[in-house]
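Listed below, chain by chain, are the residues.
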Amino acid sequence: MIHSIDPGILFLQEEDVIKAGVLDMKMTLAAVEKTYKMLGEGQIINPPKTHIGMPIGSGENWQSFFNSMPCYIGGDVNVGGTKWAAESKKNSSIPGIPYGIDITVLSDPETVLPFCILDGTLITAMRTSAVGGLFAKYTAPEGTDTVTLVGAGVIGRTMVMAVCEALPTVKKIYMCDLDLDKAEGLKKDYEGVYDVEIIPTADAKAAAEKSQVVITETTARKPFIDKSWLRPGLTIINMGSMEADLETVASSDIIAVDYWDQIVTYESKAAYHLHRAGKLDKEQVVELSDMVLGKWKGRTDAAQTINCNSLGLGALDIMIGYMLFENARKMGLGTMVKLWDKPLWE
């Protein structure tokens, strides 16, 4: 950490963040893995995110939301920060505005001065898929060569990157979306980038039957995966909200989550409902930190099915944001602003 008393703040707009390396999936995967390792070692304070859905009283029928995601990362990083995450369904119909818009703030833990504010939208897209890639790395059957991705949006795009980097044995990806043109567009964008055949399709279940790993990254409001999707040895990784129904999740031989203490506070997640119903507790799940630290040794039987579910951590955004800050500073990127010339009161 810089440990400065300078009230200067480096502002990094999206173009600066790109130049600083945010689209480097290898770097992102390494940062995500380090974050879960440190979390498992007790070096990170990461309270559950605070969620505000709008309009008031909309519940599951929210039209937009804000999430506050603070954290402190200790160890050799030693930085505090928060991510202000937001999404609006209206934005999907407005050209030129992303569906999700995020800001990341980094602060010095000694003086508590903020020293960097950066666009966090691309960080979110990259780290979300990196978590899916990390789950796949530790849970995919040995020699996995075929993966189904459901959802050809922004996270579908970065999930192609994550899968190809995390599972080098993969030779075929089924890219599924009800809007087949979107799936076709991703196939075209990735032609020649990876040595992987991308097959667009609108039939996710048929694609899943040919795959060892299924990763869902949709905005579906209701579960679309049921027990008929399950078969011996399959890994299903759900990045969205309850994309697999409760019976499917409960029927899996192994249930994995990214961070138990947070995911059971979020009512859009299957783990929350199973826990509230008394059907799931912490001792019955595998956390991603357990995988990274080697506490979980993998399937004890090749036929076991695995369901993984993620909610995301503010610590991921702060870890990656700090790396990008350091890169940007070395490269002379960004614009300096100041909180004050001289504080009125001390």
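Since the model is a prediction, treat every value here as computed from it, not as a measurement.

The rules behind each value
- Residues numbered from 1 in each chain as written.
- Predicted model: local features only at pLDDT ≥ 70, side-chain atom pairs only at ≥ 80, totals over all residues.
- Heavy atoms only, no water.
- Salt bridge = Lys/Arg side-chain N within 4 Å of Asp/Glu carboxyl O.
- Helix = DSSP H or I, 4+ residues; strand = E, 2+ residues; numbered from the N terminus.
- Buried < 20%, exposed > 50% of the residue type's maximum accessible area, 1.4 Å probe, protein only.
- Contact = heavy atoms within 4.5 Å.
- Pairing = 2+ DSSP bridges.
- Axes fitted to C-alpha atoms, helices over the stretch in contact; angles between N-to-C directions.
- Core = buried A, V, L, I, M, F, W, Y, C linked by side-chain atoms within 4.5 Å.
- Expected span 1.5 Å × (residues − 1).
- Polar contact = N/O pair within 3.5 Å; in protein donor to acceptor, adjacent residues only side chain to side chain.
- Parallel < 35°, antiparallel > 145°, perpendicular 65-115°, else oblique.
- Nonpolar A, V, L, I, M, F, W, Y, C, P; charged D, E, K, R; others polar.

Caption draft 1: Layout of the pattern of salt bridges. Under the defined criterion, the tally for this structure stands at 13 salt bridges. For Asp-76, the salt bridge identified is with Lys-34, shortest N-O distance 3.0 Å. Remark: Lys-34 occurs in helix α2 (residues 25-40) and Asp-76 occurs in the loop between β4 (64-73) and β5 (79-88); sequence separation between them is 42 residues. Relative accessible area serves as the criterion here: at 63%, Asp-76 is assigned to the exposed category. Of the charged contacts in the structure, one is a salt bridge between Asp-195 and Lys-171, with a shortest N-O distance of 3.8 Å. Of this pair, Asp-195 sits in the loop between α5 (180-189) and β10 (197-201) while Lys-171 sits in the loop between α4 (154-166) and β9 (172-176); the two residues are 24 residues apart in sequence, bridging distant segments of the chain.

Caption draft 2: Local environment of the side chain of Asn-238. Turning to its location among the elements, Asn-238 is positioned in strand β12 (residues 235-238). If near-sequence neighbours (up to four positions away) are discounted, Asn-238 is found in contact with Thr-216, Ile-225, Glu-243, Ala-244, Asn-307, Cys-308, Asn-309 and Ser-310.

Caption draft 3: Representation of the sheet that holds strand β14 (residues 285-287). Reading across from one edge, β10-β9-β8-β11-β12-β15-β13-β14 is the order of the eight strands in this open sheet, with parallel pairing throughout. The open sheet has two free edges, formed respectively by β10 and β14, since each of these has just one partner strand. Put simply, the sheet's adjacent strands are angled 20° from each other on average, direction ignored. Sheet analysis places strand β8 (residues 146-150) next to strand β11 (residues 213-216), joined by four bridges and oriented parallel. Residue pairing for β11: Leu-149 is matched across the bridge by Ile-215. Where α5 meets the sheet, its contacts fall on β9 and β10, and the angle it forms with β10 comes to roughly 170°.

Caption draft 4: Expanded view of the pairing of strand β1 (residues 8-12). Across the five residues of β1, four count as buried, placing the element largely inside the fold. Looking at chain direction, β1 and strand β16 (residues 335-338) are connected through four bridges and run antiparallel. Each residue of the ladder has a partner; that of Ile-9, found in β16, is Val-337. Pairing of β1 with strand β7 (residues 114-119), which is carried by three bridges, proceeds in the parallel orientation. By the bridge assignment for β7, Leu-12 is matched with Leu-118.

Caption draft 5: Examining the environment of Ala-31 more closely. Position of Ala-31 relative to the elements: it lies in helix α2. A relative accessible area of 1% means that Ala-31 is categorised as buried. Considering only alpha carbons, one finds Ala-31 and Arg-127, 96 residues apart in sequence, at a separation of 8.7 Å. Once residues within four sequence positions are removed from consideration, Ala-31 is found in contact with Met-319, Ile-320 and Met-323.

Caption draft 6: Region of the structure containing the side chain of Asn-91. Take Asn-91: it is sitting in the loop between β5 and β6 (100-107). With a relative accessible area of 13%, Asn-91 lands in the buried category.

Caption draft 7: Inspection of the nonpolar core at higher detail. Core analysis: the largest hydrophobic core is formed by 75 residues, its most contacted members being Tyr-36, Ile-73, Leu-149, Ile-173, Ile-215 and Leu-324. Contacts of Leu-149, omitting those with residues within four sequence positions, involve Gly-156, Met-159, Val-160, Val-163, Ile-173, Tyr-174, Met-175, Cys-176, Ile-215 and Glu-217. Grouped together as the second largest cluster of nonpolar side chains are 25 residues, Tyr-174, Leu-234, Val-257 and Ile-263 included.

Caption draft 8: Representation of α2. The end-to-end C-alpha distance of α2 is 22 Å, a good match for the 22 Å that 16 residues give at a rise of 1.5 Å each. Every buried residue belonging to α2 is among Met-25, Met-27, Thr-28, Leu-29, Ala-31, Val-32, Glu-33, Thr-35, Tyr-36, Met-38 and Leu-39, and all of these are buried. Here the buried face of α2 lies against β2 (44-45), β4, α3 (121-139), α4, α10 (288-292) and α11 (314-331). Taking the backbone nitrogen of Lys-26 as reference, a side-chain oxygen 3.1 Å away marks Asp-24 as the first, capping residue of α2. Of the residues trailing α2, Gly-42 is marked for its positive phi of about 80°.

Caption draft 9: How the structure looks around the packing of α2 against α4. For the pair α2 and α4, interaxial distance at closest approach is 10 Å and the crossing angle is 75°. Taken together, the axis directions place α2 and α4 in an arrangement best described as roughly perpendicular. In this structure, α2 contributes Met-25, Lys-26 and Leu-29 to the contact, and α4 contributes Thr-158, Met-161, Ala-162, Glu-165 and Ala-166. Grouping the constituent residues of the contact of α2 with α4 by class yields five nonpolar, one polar and two charged.

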